[in-house]
Amino acid sequence: MSTSKRSTIIVEHLRKQQMLEAIARGKRLDGRAFDEQRPLEIETDVIKKANGSARVKLGNTEVIAGVKVETGEPFEGLENKGALIVSAEVLPVASPHAEPGPPDEEVIELARVVDRGVRESEMVDLDKLVLVPGKIVYTIFVDCSVINADGNLFDATSYATVAAILTAKIPVLEMQGDKVVDTGKTMPMPVTTVPVSITQVKIGDAILVDPVSEEEGAMDARITISTTEEGFCALQKGYTGSFTIEEIKKAAETARIKGEQVRAKLKEATTKYGQ
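Per-chain numbering applies: the sequence of each chain, read as written, is numbered from 1 onward. Reporting of local features is limited, given that this is a predicted model, to residues whose pLDDT is at least 70; pairs of side-chain atoms are given and counted only at 80 or more, and all residues count toward the totals for whole chains, interfaces and linings. The basis for the side-chain values is all heavy atoms of the structure; hydrogens and waters are excluded.

Note on conventions: DSSP H or I runs of at least 4 residues are helices, E runs of at least 2 residues are strands, and numbering of each starts at the N terminus. The secondary structure content of the protein amounts to five helices and 12 strands. C-alpha atoms define the radius of gyration, and 2.2 Å times the number of residues to the power 0.38 defines the globule rule. In terms of C-alpha radius of gyration, the protein reaches 20 Å, essentially the compact-globule figure of 19 Å for 275 residues. Each principal axis of the C-alpha atoms in the protein carries an extent, and together these give about 70 × 45 × 35 Å. The buried label goes to any residue with under 20% of its type's maximum accessible area, the exposed label to any with over 50%, and the partly exposed label to all in between, with areas taken from a 1.4 Å probe on protein chains only. Here the protein, with 275 residues, has 46% of them falling under the buried criterion. The long-range fraction of contacts in the protein, counting pairs at least 24 apart against all pairs at least 6 apart in sequence, stands at 68%. Contacts are assigned to residue pairs that have any heavy atoms within 4.5 Å of one another.

So, in structure tokens, the structure goes:
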């Protein structure tokens, strides 16, 4: 092992020990309270050729999402609904642990969790995205790129996805014979609600909101809870540790309260788009 690599391992170990000692005293290394999120910044219309787009910064974690609207065949069993597909990638420049090539298990999980929060909330009224029932529907692609990874990719990617959908304009298409014709007009995405995910990790007996990378490296378990104005819509538990029933109840209440705050920011950032 090289001297530089050995030094890096020693520094990481010492940093982890400092973090665990701070948590035992009821503190976090960055000074936040256990239930405090990092600063959230939302910028919209960042990709001019996309139908909708957003850049989100959650602390030092940064994600860009773009919406592309196309037409295609409906999913099997959902012949009278439009299609929604969320994909994610972590760019190699985003993290020293990210590598070029096919997505690994963590990136696949990231896309799945974000997709589930949007889909289970029924944020987009897919019934309104049908051109020819059973044959041709609108297909909404949301592509997310993590450009800087410093923990909690789930929430940052979810917020970018939701903001991009909220700003999206759909081309108004019509059938002329058996051809799909673009009328040159647009309409807002048929949005019904605004889902918000809140991710929390368990380290020892402490539950921390919006973990940074160092905290994720020491976590025993993770839970992501998504809410809408109406209530809870999705939950994903990750990692090998467990939560007690009381811890889940507390995490759910935290997700509800924090979700309201983030939802207000998302709506404020996208008001000019008429959603």
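Of note, threonine 224 is situated in strand β11 (residues 221-227). If we skip the residues at most four places from it in the chain, threonine 224 touches Val113, Phe154, Asp155, Ser197, Ile198, Thr199, Ala234, Leu235 and Gln236.

Taken in spatial order, the four strands line up as β10-β9-β11-β12 in an open sheet, and their pairing is antiparallel. Sheet topology places β10 (206-209) and β12 (232-238) at the edges, where each strand pairs with a single neighbour. Pairs of neighbouring strands in the sheet enclose a mean axial angle of 20°, with direction left out of account. Any two strands are treated as partners once DSSP identifies two or more bridges connecting them. As judged from the six bridges shared by β11 and β12, these two strands associate in the antiparallel manner. Note that in β12 the partner of serine 226 across the bridge is alanine 234. Only the stretch in contact is used when a helix axis is fitted, and all axes are lines through C-alpha atoms; the angle between N-to-C directions ranges over 0 to 180 degrees. Sitting on the sheet, helix α5 (residues 245-270) is in contact with β9 (196-203), β10, β11 and β12, with an inclination near 140° to β9.

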